[in-house]
Amino acid sequence: MKLNEHITTIEDVEEVNARLHEQAVQVGAETYQDRVKTQATHCKFGEGGICCKNCSMGPCRITPKAPRGICGADAHAIAARNYARSVAAGTSAHSDHTRELLHVLHSAKPEGPYTIKDEAKLKALAAEWDVKTEGRDIYDVAHEVAMVGLMEFGKPEGFQLFTRRAPKERQETWSKEGILPRAIDREIATVLHMTHIGNTAMPEALIRQGLRASLSNGWGGSMIGTEITDILFGTPQERETTGDLGVLDGDRVNIVVHGHDPAMSEMVVAVCETKEMNDLAKSVGAKGINVVGCCCTANEVAMRHGIPMAGNFLQQENVILTGVIELMCVDVQCIFPAGATLAECFHTKFVTTSPIARIPGAIHVEFKTESALDQAKDLVKMAIENFKNRDAAKVYIPPLKQKAVVGYPTDQIIRRLDGVTNSHVDVLGSYRPAIDAIKSGVLRGAVGIVGCNNPRVRPEFSHVEIMKELLKNDILVVATGCASQVATKYGLMNNDSKWFCGDGLRRVCTLVGIPPILHMGACVDISRILRLVAGISEDWGVPMPELPIVGCAPEWMSEKAVSIANYVVSSGIDVYLGIEPQVTGSSEMMEWITQGTRKITGAGFIINTDPKELVQSIIEGIEAKRTALGI
Ligand code: SF4
Ligand code: MSK
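Residues numbered from 1 in each chain as written. Chains lettered and ligands numbered in written order. Predicted model: local features only at pLDDT ≥ 70, side-chain atom pairs only at ≥ 80, totals over all residues. Heavy atoms only, no water.

Chemist: What is the right way to read the domain arrangement of the chain from this model?
Modeler: By a widely used convention, the size of an interface equals the accessible area lost when the partners come together. Per the domain assignment, the segments of the chain are domain 1 (10–35 + 245–394), domain 2 (70–233) and domain 3 (402–629). Placing the centre of domain 1 and that of domain 3 at their C-alpha centroids yields a distance of 31 Å. Here domain 1 and domain 3 share an interface that buries about 1900 Å² over both sides, 63% of which is from carbon and sulfur atoms. When the buried area of domain 1 at its contact with domain 3 is split by residue, Ile10, Met303 and Asn312 rank highest and sum to 30% of it. Seen at the junction of domain 1 and domain 3, the total is two salt bridges. With a shortest N-O distance of 3.8 Å, arginine 458 and glutamate 11 are connected by a salt bridge. The interface formed by domain 1 and domain 3 contains 13 residue pairs in polar contact (both at pLDDT 80 or more). When contributions to the side of domain 1 that touches domain 3 are tallied by element, the ones reaching two or more residues are helix H1 (10–26), helix H12 (295–305) and strand S6 (309–311). If one sorts the elements of the side of domain 1 that touches domain 3 by residue count, H12 sits on top with eight residues. Partitioning the side of domain 1 that touches domain 3 into residue classes produces twelve nonpolar, six polar and four charged. (Domains from an automatic or database assignment. Buried area = accessible area lost by both parts, 1.4 Å probe. Salt bridge = Lys/Arg side-chain N within 4 Å of Asp/Glu carboxyl O. Polar contact = N/O pair within 3.5 Å; in protein donor to acceptor, adjacent residues only side chain to side chain. Helix = DSSP H or I, 4+ residues; strand = E, 2+ residues; numbered from the N terminus. Nonpolar A, V, L, I, M, F, W, Y, C, P; charged D, E, K, R; others polar.)

This is the structure we're talking about:
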């Protein structure tokens with residue numbers, strides 16, 4: 001057996017975290033670890049979802065002695081309303097990100113700064129959306145496609161166009177159950193209206209609208225976002241990169257792009273790669289520029305350019321604590337406001353670029369599509385000029401770094417499978433090799449591991465335990481968001497990591513030439529996983545709820561994750577959660593999210609905060625589906 005001897009362990013990571021925390025103490029800064037302690041006793045009403053402040057007669061909190069709020073809403077109504085609002089917030093975050101990208105597409109022109117990078121994908125989408133392409137300038141086509149996409153947010157009638165991409169069985173289920181999503185903004189507004197005082201108090205109605213709103217994200221906002229990002233910046237391809245704090249470079253100007261919206265980071269990366277800027281960096285005594293990513297922006301730039309991934313969600317403060325960051329440039333979502341204050345303890349310039357994410361203490365440079373390239377140049381120059389201010393006494397770059405192979409959108413996975421074993425298949429673009437491997441039992445099934453990390457549990461431990469156990473049991477893993485960066489940090493996402501696998505999975509990875517954990521992108525790219533599972537379902541002729549394929553979010557934390565979990569369940573895929581949703585104060589809601597949704601969509605949540613037990617239940621769930629299929 002060949003296994004990298006220097007593979008990172010959770011103990012290595014925790015040692016580095018402790019060392020960086022000492023650094024924080026020395027410079028008089030606080031980090032999330034300190035704030036976790038001051039927030040140690042979580043509010044039980046908030047935890048259970050049974051505090052309501054939807055009107056100014058309240059807030060009302062439910063206790064055994066006070067089982068109803070002033071209006072008469074009980075624990076079930078309150079928990080259901082809070083939960084539905086989380087789905088709406090998550091749906092709006094992903095979808096509004098997409099809306100911005102559609103505006104960028106609408107402004108795209110041949111002379112830039114934003115151009116069309118994947119013309120074939122644009123033409124395919126145009127055909128799908130009935131936009132004429134023949135004899136037309138590609139930019140005219142792009143602008144019309146952008147308008148069709150924007151209409152998906154507010155069209156007065158009809159349903160989300162991309163729901164037609166789902167297998168017929170799903171479309172019929174959604175239609176029959178009344179959860180086929182209409183315009184994205186409509187579904188979000190309906191949740192807010194339903195949860196206003198004096199409206200819905202029935203958990204079932206709120207669960208159903210939550211599912212519907214989430215579908216307008218998964219098969220709407222997020223899926224459109226992925227398509228438009230590929231069209232504008234190129235469909236990702238398999239490429240090598242590295243990850244963890246060791247990707248920072250003491251000799252170069254370090255720039256971090258952090259957040260989610262690639263419109264900003266793509267410009268910064270492009271500028272950092274120019275000779276002009278690297279020469280400028282050399283003129284101030286640096287050896288060049290080192291641009292790295294954090295959170296989902298890291299995923300976006302890694303899979304399109306091979307840019308190293310410095311860290312995931314809980315590592316964003318650590319990145320600054322290394323003392324070598326000249327500039328951290330953020331856009332939207334998952335950005336700690338604490339970053340701006342922390343940066344003040346170092347020479348780091350902390351720059352916000354979106355009016356959606358303003359942070360006190362940050363330098364604000366509002367990105368505009370027409371001037372994005374010039375603004376990116378100004379930011380990179382700001383970083384270079386700041387190099388001289390680095391304080392050597394505050395520098396500590398941890399020696400942790402792993403290599404990764406990233407960039408497996410659905411298209412790439414098909415290409416890989418076709419290239420190896422599809423000579424007997426007449427049509428290109430089949431999942432049959434993967435299906436055959438699952439049917440024969442060489443692969444037992446597949447799991448999409450997604451989501452954030454969360455200090456409510458031992459950070460990253462659950463991810464690593466679950467991933468390793470699945471690989472050992474011949475279960476293929478696909479990952480997005482911060483989960484994929486965890487896989488990278490612990491050396492699980494490269495071609496050597498097949499040595500963690502059982503015999504069957506190792507054979508498949510060797511034959512196809514892929515790592516056992518496939519990197520499918522940012523959290524918005526979970527739509528790629530939906531298409532992958534839908535494709536397998538159609539090729540196999542097995543409905544999505546019956547496939548031995550499930551989702552898992554071991555350490556989720558955001559409202560986006562609540563929306564995602566709902567659209568995955570709506571798609572008929574069970575979701576295994578390592579963190580409890582905030583509805584535990586309502587027995588009815590706990591029943592709805594774990595069992596009730598099964599009657600509507602054929603899937604539900606399985607919740608267990610113990611990672612060892614959670615992974616065993618995943619394996620049992622997959623085996624039970626295999627048995628039901630007779631394989
Ligand atoms: Fe209280 Fe009802 Fe107002 Fe909520 S809506 S704060 S439960 S009175
Ligand atoms: S960044 S939503 S912490 S995956 Fe997409 Fe990571 Fe979760 Fe944010």
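Right, picking up where we left off after that structure.
Chemist: What is the right way to read the site of ligand 2 from this model?
Modeler: Around ligand 2, a shell composed of 13 residues is seen, among which His260, Cys296, Cys334, Cys452 and Cys482 lie nearest. Within the residue set of the shell around ligand 2, elements represented by two or more residues are H12 and helix H19 (481–489). Considered class by class, the residues forming the shell around ligand 2 number eight nonpolar, four polar and one charged. Each of two domains, domain 1 (10–35 + 245–394) and domain 3 (402–629), supplies a minimum of three residues to the shell around ligand 2. (Near = heavy atom within 4 Å.)

Chemist: Any chance you could explain the site of ligand 1 here in plain terms?
Modeler: Taken together, the neighbourhood of ligand 1 is formed by Cys52, Asn54, Cys55, Met57, Gly58, Cys60, Gly69, Ile70, Cys71, Arg81 and Ile197. Looking at the shell around ligand 1 residue by residue, the class counts come to seven nonpolar, three polar and one charged.

Chemist: Looking at this structure, I do not really get the sheet that holds strand S12 (residues 475–480). What am I missing?
Modeler: Across a sheet, paired strands are connected by hydrogen bonds in the backbone, their directions being either parallel or antiparallel. If you walk across this open sheet you meet the six strands as S13-S12-S11-S14-S15-S16, and the pairing is parallel. This sheet does not close on itself; its edge strands, each paired only once, are strand S13 (517–521) and strand S16 (605–607). The average undirected angle you get between the axes of adjacent strands in this sheet is 25°. Here strand S15 (residues 575–577) runs beside S16; their pairing, made up of three bridges, is parallel. In the sheet register, leucine 577 faces S16, and the bridge partner there is isoleucine 607. Lying on the sheet, helix H24 (residues 611–629) is in contact with strand S11 (445–449), S12, strand S14 (549–553), S15 and S16; it crosses S15 at an angle near 165°. (Pairing = 2+ DSSP bridges. Axes fitted to C-alpha atoms, helices over the stretch in contact; angles between N-to-C directions. Contact = heavy atoms within 4.5 Å.)

Chemist: Please clarify how the environment of leucine 577 should be interpreted in this entry.
Modeler: Relative to the elements of secondary structure, leucine 577 occurs in strand S15. Along the chain, leucine 577 and alanine 553 lie 24 residues apart, while their C-alpha atoms are 5.2 Å from each other.

Chemist: In this structure, what is going on with the pattern of salt bridges? I would like to understand it.
Modeler: Oppositely charged side chains are able to pair whenever their charged atoms sit close together. Here the structure, examined in full by the defined rule, presents 39 salt bridges. In this structure, glutamate 119 engages lysine 123 in a salt bridge whose closest nitrogen and oxygen atoms are separated by 3.6 Å. Remark: lysine 123 and glutamate 119 occur in helix H5 (residues 119–128); sequence separation between them is four residues, near one turn of the helix. With relative accessibility at 37%, the residue glutamate 119 sits in the partly exposed group. Here glutamate 326 and arginine 390 are joined by a salt bridge, their closest N and O atoms 2.9 Å apart. On the criterion of sequence distance, the pair formed by glutamate 326 in strand S7 (residues 325–330) and arginine 390 in the loop between helix H15 (372–386) and strand S10 (402–406) is long-range, its members being 64 residues apart. Residues glutamate 326 and arginine 390 agree in their burial class; the two are buried. One network of salt bridges, in which partners are shared, links Lys121, Asp230, Glu300, Arg304, Asp411, Asp525 and Arg528. (Buried < 20%, exposed > 50% of the residue type's maximum accessible area, 1.4 Å probe, protein only.)

Chemist: Sorry, what's going on with H15 here?
Modeler: Turn by turn, an α-helix covers 3.6 residues, leaving residues three or four places apart pointing in a common direction. With 15 residues, H15 extends 21 Å from end C-alpha to end C-alpha; this agrees with the ideal 21 Å at 1.5 Å per step. Taken as a whole, H15 has its buried residues at Ala372, Gln375, Ala376, Leu379, Val380, Ala383, Ile384 and Asn386. In this structure, the buried side of H15 is in contact with strand S4 (253–258), helix H10 (262–272), helix H11 (275–283), strand S5 (289–294), S7 and strand S8 (349–352). (Expected span 1.5 Å × (residues − 1).)

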